[in-house]
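Letter by letter, the chains look like this.
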Amino acid sequence: MSRIGKLPVAIPAGVEVKVDDQNTISVKGPKGTLTRALHKDMIVKVENGEVVVTRPSETKIHKSLHGLTRTLINNMIVGVTEGYKKELDINGVGYRAQKQGKKITLNLGYSHPVEMQEPEGITIDVPAPNKIIVNGINKELVGQTAAIIREFRLPEPYKGKGIKYTEEFIVRKEGKAGGKKK
């Protein structure tokens, strides 16, 4: 039995969970609503204030989908109650971020500024010129948006310049030795 899949997902107060006959789950909470189509083979039931996921058989595919389905439902419930947040730091001389309306402008040492629109359902905050905070209720979308922003200028190992996650550690490399040749 899947250790994660067999755990029931508790539904907190103020959250409404509905599952239709096509295995589409809808979670409505104080921060918004999320809908997701789950695999048709998984059995999802809402009972006694909990969401219970069971699998129809012991085949390899059903075993792998069991824990995944339960975790996706749990992420949806956490998203509509608490939300998700990713923080990014910008390191480098002259590197900075600005927000104008729903557009974020990044100066990253290129010949032109990099501009990006906020995706639907995501809020990007710039509390300081070298800090970006990505907020939202969909865990996948928050992570994907943060990864796209980070990709504009990946952190390099020599001086640590670029965009990195706040909790990320960049392994530094030593530069050229520059000694005399023999």
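(A) Region of interest: the environment of Gln117. You can see Gln117 is positioned in strand 10 (residues 114-117). Linking Gln117 and Ile77, residues 40 residues apart in sequence, is a C-alpha distance of 27 Å. In this view, Gln117 contacts Lys102 and Lys103; residues no more than four positions away in its chain are not counted.

(B) Spotlight on helix 1 (residues 60-81). With 22 residues, helix 1 extends 33 Å from end C-alpha to end C-alpha; this agrees with the ideal 32 Å at 1.5 Å per step. Note on helix 1: the residue one or two positions beyond its end, Gly83, has a positive phi of about 85°.

(C) Structural detail: the nonpolar core. Core analysis: the largest hydrophobic core is formed by 19 residues, its most contacted members being Leu88, Ile90, Leu106, Ile132, Val134 and Ile149. Of all the secondary-structure elements, those providing two or more residues to this core are strand 7 (84-91), strand 9 (103-107), strand 10, strand 11 (122-128), strand 12 (131-136), helix 2 (139-151) and strand 13 (162-165). Counting 18 residues, the second largest nonpolar core, distinct from the first, contains Val9, Val17, Val51 and Ile77.

(D) Highlighting the sheet that holds strand 4 (residues 32-37). Sheet architecture is open: three strands sit in the order 2-3-4, paired in antiparallel fashion. In this open sheet, the two edge strands, each paired with only one partner strand, are strand 2 (16-19) and strand 4. Ignoring strand direction, the axes of neighbouring strands in this sheet form an average angle of 10°. The pairing of strand 2 with strand 3 (residues 24-29) spans four bridges and is antiparallel. Paired with Val17 across the two strands is Val27, which belongs to strand 3. On top of the sheet, helix 1 reaches strand 2, strand 3 and strand 4; it is set at about 20° to strand 3, its chief contact.

(E) Here's a closer look at helix 2. Here helix 2 is 13 residues long and its end C-alpha atoms lie 18 Å apart, about the 18 Å a rise of 1.5 Å per residue gives. For helix 2, the set of buried residues is Val142, Gly143, Thr145, Ala146, Ile149 and Arg150. Each buried residue of helix 2 lies within a common arc of 165° when the element is viewed along its axis, so the set occupies one face. On the buried face of helix 2, the contacting elements are strand 7, strand 9, strand 10, strand 11, strand 12 and strand 13.

(F) Here's a closer look at the pattern of salt bridges. Across all of its chains, the model carries 11 salt bridges by this definition. In this structure, Glu168 engages Arg150 in a salt bridge whose closest nitrogen and oxygen atoms are separated by 2.7 Å. A residue pair is termed long-range when its members are at least 10 positions apart, and Glu168 in the segment after strand 13 and Arg150 in helix 2 qualify at 18 residues. Because the salt bridges share partners, they merge into one network encompassing Lys85, Glu87, Asp89 and Lys131.

Rules used in this analysis
- Residues numbered from 1 in each chain as written.
- Predicted model: local features only at pLDDT ≥ 70, side-chain atom pairs only at ≥ 80, totals over all residues.
- Heavy atoms only, no water.
- Helix = DSSP H or I, 4+ residues; strand = E, 2+ residues; numbered from the N terminus.
- Contact = heavy atoms within 4.5 Å.
- Expected span 1.5 Å × (residues − 1).
- Core = buried A, V, L, I, M, F, W, Y, C linked by side-chain atoms within 4.5 Å.
- Buried < 20%, exposed > 50% of the residue type's maximum accessible area, 1.4 Å probe, protein only.
- Pairing = 2+ DSSP bridges.
- Axes fitted to C-alpha atoms, helices over the stretch in contact; angles between N-to-C directions.
- Arc of directions from axis to C-beta.
- Salt bridge = Lys/Arg side-chain N within 4 Å of Asp/Glu carboxyl O.

Coordinates in, geometry out; function isn't part of it.
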